[in-house]
Number of protein chains: 2
Amino acid sequence: MQTLTALVFDDFETLDLFGPIEMFGCVPEHYHLQFASLSGGVIRSKHSVAMQTIAVADLPDQTDVLLVVGGIGTRQQIDNNEFLQTLVTLSNTADWVLSVCTGSGLLAKAGLLDGKRATSNKLSWQWVISQSEHVNWTKQARWVVDGKFYTSSGVSAGMDMALGFIADRHGIEAANGIAEYAEYRWQQDNSIDDFYRP
Amino acid sequence: MQTLTALVFDDFETLDLFGPIEMFGCVPEHYHLQFASLSGGVIRSKHSVAMQTIAVADLPDQTDVLLVVGGIGTRQQIDNNEFLQTLVTLSNTADWVLSVCTGSGLLAKAGLLDGKRATSNKLSWQWVISQSEHVNWTKQARWVVDGKFYTSSGVSAGMDMALGFIADRHGIEAANGIAEYAEYRWQQDNSIDDFYRP
């Protein structure tokens with residue numbers, strides 16, 4: 001059993017978080033989920049979802065898997081040194097670090113993706129890659145794996161990445177079982193990217 | 001501008017709600033979103049998401065579009081007369097009523113789908129159709145439209161239905177624009193159902 005910590009902030013993109021949470025939530029025998037923010041309390045998504053979170057400092061369980069979401073709220077966090085330092089602290093002790101959409105921009109700004117391959121969403125591509133020139137940015141990918149880092153393309157790609165992660169850890173049958181349960185049309189091959197425009 | 005009310009209850013299926021919310025949230029010029037439950041307060045999804053809701057009696061805006069989700073929590077609500085009566089009251093005044101997954105079982109039990117075509121998810125199919133014999137249950141469909149009722153198949157199908165609803169109201173370009181933004185591989189044809197097993 002591992003603990004997955006989803007780190008959120010105001011104006012996060014709703015599906016960036018809850019798509020992967022649905023997938024990880026389908027294998028409760030493997031993952032315990034906890035929802036964190038820098039200061040705890042109620043965090044609101046871009047689409048008015050008000051959710052309760054625990055302050056990072058008060059998290060009851062050590063983070064084995066860190067999930068970093070994206071959305072327009074990243075524009076505030078990218079200049080928040082406390083947030084970036086928290087990313088570093090949680091990432092350093094986590095076994096795995098996953099990001100969705102512009103979440104990889106935050107990881108990049110924190111220096112965590114230096115020398116690594118990574119991807120991000122298409123519409124904010126220039127903003128994301130401007131956060132670090134030390135990352136091998138890969139635009140055509142549903143998601144990218146490099147070491148302990150999984151980074152996905154925009155929004156919905158987070159669900160495909162989550163199933164890919166689960167397949168890598170627990171076997172393809174486990175991931176296919178979740179897709180069947182959730183009636184989700186999983187894009188299983190991470191090199192196929194329907195949203196890449198040359 | 002219309003007001004969409006998402007009606008939730010404890011142990012709802014996470015993606016049933018937040019998939020459609022992402023899609024509707026992408027057209028804020030058309031939809032204002034409010035999250036309701038019978039008694040208000042914090043509602044927890046099956047996957048530990050704790051969200052704030054408004055009591056139905058305290059909703060500030062009239063419901064133009066009602067979104068009813070599914071999940072294992074439906075097993076409690078199916079015998080909750082106050083909940084079923086609330087479904088009837090909200091549905092009667094709404095222009096449109098949408099359900100995801102086993103949410104259609106709740107609508108059926110409340111008598112709202114009498115004489116109508118509807119679908120639901122695959123894994124709980126027998127439980128859902130046992131809620132009413134007055135519904136023309138259609139198993140092979142990503143989603144079904146009959147009058148003002150849109151009912152979708154399991155979990156992820158709710159996203160396809162939401163985009164289909166948006167296409168019906170605001171044009172295919174609007175729906176395609178959201179799919180492109182969210183990098184979502186929209187199953188646009190509601191008669192194609194990858195999860196139907198004869």
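Every chain is numbered independently, its residues counted from 1 as its sequence is written. By the order in which they are written, chains take letters starting at A while ligands take numbers starting at 1. Per-residue local features of the predicted model are confined to residues with pLDDT of at least 70, and side-chain atom pairs are confined, for both listing and counting, to 80 or more; whole-chain, interface and lining totals are unaffected and use all residues. Side-chain figures throughout are based on the complete set of non-hydrogen atoms in the structure, without hydrogens or water.

Novice: Talk me through the relation of the copies chain B and chain A; I want residue IDs and the actual numbers.
Specialist: Overlay of chain B on chain A (RMSD 0.0 Å): rotation 180°, translation along the axis 0.0 Å. Each copy turns onto its partner about a two-fold axis. Using C-alpha coordinates, one finds that chain B approaches the rotation axis most closely at methionine 51 of chain B, a distance of 2.1 Å. Both copies contact each other with a shared surface, as 100% of the interface residues of chain B are interface residues in chain A too. A least-squares fit on C-alpha atoms brings the copies together, and the residues used are those whose pLDDT is at least 70 in both copies. Residues count as neighbours in contact if any of their non-hydrogen atoms are within 4.5 Å of one another.

Novice: Break down the pattern of salt bridges for me, citing the residues and quoting the values.
Specialist: Here, a salt bridge means any side-chain nitrogen of Lys or Arg that lies within 4 Å of a carboxyl oxygen of Asp or Glu. Tallied over the entire structure, the rule returns 14 salt bridges over all chains. One salt bridge in this structure joins lysine 46 of chain A and glutamate 13 of chain A, with 3.8 Å as the shortest N-O distance. Separated by 33 residues along the polypeptide, lysine 46 of chain A in the loop between strand S3 (41-44) and strand S4 (50-55) and glutamate 13 of chain A in the loop between strand S1 (2-7) and helix H1 (14-25) bring together distant segments of the chain. Only protein chains enter the area calculation, which uses a 1.4 Å probe; residues under 20% of their type maximum are buried, those over 50% are exposed, and those in between are partly exposed. Relative accessible area serves as the criterion here: at 35%, lysine 46 of chain A is assigned to the partly exposed category. For aspartate 194 of chain A, the salt bridge goes to arginine 185 of chain B, with nearest N and O atoms at 3.2 Å. Placement of the pair is aspartate 194 of chain A in the segment after helix H7 (172-181) and arginine 185 of chain B in the segment after helix H7 (172-181), with the two residues belonging to separate chains. Going along the chain from the N terminus, every DSSP run of H or I of four or more residues is numbered as a helix, and every run of E of two or more is numbered as a strand.

Novice: How would you explain the nonpolar core if you had to name every residue and give the values?
Specialist: One recurring pattern in soluble globular proteins: nonpolar side chains tend to sit buried together. One finds Leu17 and Leu87 of chain A together with Leu17 and Leu87 of chain B to be the most contacted residues of the largest nonpolar core, which totals 134 residues. Leucine 17 of chain B has contacts with Ala6, Val8, Phe12, Phe35, Met51, Leu67 and Val69 of chain B, leaving out every residue within four places of it along the chain. Side-chain atoms within 4.5 Å link the members of a nonpolar core, which is a set of buried Ala, Val, Leu, Ile, Met, Phe, Trp, Tyr and Cys residues.

Novice: Before we move on, can you summarise the packing of helix H1 (residues 14-25) of chain B against helix H6 (residues 157-170) of chain B with the specific residues and values?
Specialist: Residue and element names in this part refer to chain B. Every axis corresponds to a line fitted to the C-alpha atoms, with the helix fit spanning only the stretch in contact, and the corresponding angles, defined between N-to-C directions, vary from 0 to 180 degrees. For the pair H1 and H6, interaxial distance at closest approach is 8 Å and the crossing angle is 30°. Relative to H6, H1 is oriented roughly parallel. The handedness of the crossing between H1 and H6 comes out as right-handed. Where H1 abuts H6, its residues Leu15, Gly19, Pro20, Met23 and Phe24 lie against Gly158, Met159, Ala162, Leu163, Phe165 and Ile166. Nonpolar residues are Ala, Val, Leu, Ile, Met, Phe, Trp, Tyr, Cys and Pro. Charged residues are Asp, Glu, Lys and Arg, and all others, Gly as well, are polar. Along the lines of polarity and charge, the residues of the contact of H1 with H6 split into nine nonpolar, two polar and no charged. Throughout this description, any angle smaller than 35 degrees is read as roughly parallel, any larger than 145 degrees as roughly antiparallel, any in the 65 to 115 degree range as roughly perpendicular, and the remainder as oblique. Two helices that cross are described as forming a left-handed crossing if the nearer one is turned anticlockwise from the farther one by less than a right angle, and a right-handed crossing if clockwise.

Novice: Explain the interface of chain B and chain A residue by residue, including any values.
Specialist: Each side of the interface is counted separately: chain B has 43 residues, and chain A has 43 residues. Here's the idea: put two parts together, see how much 1.4 Å probe accessible area each one loses, and the total over both is what we call buried area. Interface area for chain B against chain A, summed over the two sides, is near 3500 Å², with a carbon-plus-sulfur share of 53%. Remark: the boundary between chain B and chain A carries six salt bridges. What qualifies as a polar contact is a pair of N or O atoms within 3.5 Å, subject to a donor-acceptor requirement within protein and to the restriction that residues adjacent in sequence count only when both atoms come from side chains. On inspection of chain B and its partner chain A, the count reaches 23 residue pairs in polar contact (both at pLDDT 80 or more). Every element with two or more residues in the side of chain B that touches chain A is listed here: H1, strand S2 (31-37), strand S3 (41-44), strand S4 (50-55), H6 and H7 of chain B. Take the side of chain B that touches chain A: its biggest share by element is eight residues, from H1 of chain B. Looking at the side of chain B that touches chain A residue by residue, the class counts come to 21 nonpolar, eleven polar and eleven charged.

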